[in-house]
Amino acid sequence: ALGGFGIWIPKNSIQDEQHDRIVEGTANLMIWEKWENGTAMWAPMHGVWFSSARSELMGLITAMLLPMPIHVGIDNATVVNNFRELQKFAERQQSNEGALRSGLFPFRKPWQLVTDGDLCNGAWAILAQRGTATVAVTNVKVRSTYQHVQDGHVRLQDKKGNDAADLAASCGVQLSLIHISEP
């Protein structure tokens, strides 16, 4: 199976003087490149099985590694809903105990029994370090068109951001192809 993920950081999200320091910290995890209106980041995913949810979740996890507050648009409602459940559980935990413990199971069962539990566990561990207030997640419409924008169903920035992230993810898949073809 081939998989890849991508992240799009709009130009106005990071001050120019901070940009290189922030994105270069991920250079050992993914490729990044400045495009006209922002920065695209991507990487292949290696493994036996992939889904769009795994790719979206991996993109979210990697975005959470950036040392800045983030707002991530994701075109997979399941990933958005599951992450919001993690956030709610984390917020309740913080209000009750003052700190998060990464050994807890927010979905009431061990990570091994949760769909994509390996990645959910990673997201939970990073969320425990970052805190819930530094990450916002929004569901954006998949494969939106400019007609959707004109009709007011989709914001232009969401369409452009999702298109750029999808293009970056395609670059990640292409890297998977390169790794397969190498001897």
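Presented here is a report on the structure given in the accompanying data block. Residue indices follow the written sequence of each chain, beginning from 1 at its first position. With pLDDT at 70 or above as the cut-off, local features in this predicted model cover only qualifying residues; side-chain atom pairs require 80 or more to be listed or tallied, and sums for whole chains, interfaces and linings still use all residues. Side-chain measures here rest on the full set of heavy atoms in the structure, leaving out hydrogens and waters.

## Concerning the sheet that holds strand β3 (residues 38–45)
Strand pairing follows a simple DSSP-based rule, namely that at least 2 bridges must link the two strands. Numbering goes from the N terminus for both helices and strands, where a helix is a DSSP run of H or I of at least four residues and a strand is a run of E of at least two. Pairing in this open sheet of three strands is antiparallel, and the strands run β1-β3-β2 from one edge to the other. The outermost strands of the open sheet, each flanked by one partner alone, are β1 (3–10) and β2 (31–35). Shown here is a sheet whose adjacent strand axes are inclined to one another by a mean of 20 degrees, direction ignored. In terms of strand pairing, β2 meets β3 through five bridges, oriented antiparallel. Residue I31 lies in a different strand from β3, and its bridge partner there is W42. The axes are straight lines fitted to the C-alpha atoms, using for helices just the contacting stretch, and the angles between their N-to-C directions are given from 0 to 180°.

## Description of the environment of V140
On the secondary structure map, V140 appears in the loop between β5 (135–139) and α5 (146–150). Under the scheme applied here, a residue whose accessible area is under 20% of the maximum for its type counts as buried, over 50% as exposed, and between as partly exposed, the area being computed with a 1.4 Å probe on protein chains only. By relative accessible area, which is 11% here, V140 ends up buried. Between the C-alpha atoms of V140 and A128, which are twelve residues apart in sequence, the distance is 25 Å. Should any heavy atoms of two residues lie within 4.5 Å, those residues are counted as being in contact. What V140 contacts, discounting residues up to four positions off in sequence, is G73, I74, D75, D158 and N162.

## Topic: the environment of L2
You can see L2 is positioned in the segment before β1. Assessed through its relative accessible area of 36%, L2 is described here as partly exposed. Considering only alpha carbons, one finds L2 and D151, 149 residues apart in sequence, at a separation of 35 Å.

## Brief notes about the environment of T62
With respect to the helices, strands and loops of the structure, T62 is situated in helix α2 (residues 52–64). On the basis of relative accessibility, which here comes to 4%, the residue T62 falls in the buried class. Sequence-distant contacts of T62, defined by excluding residues within four places in its chain, comprise F5, I7 and M30.

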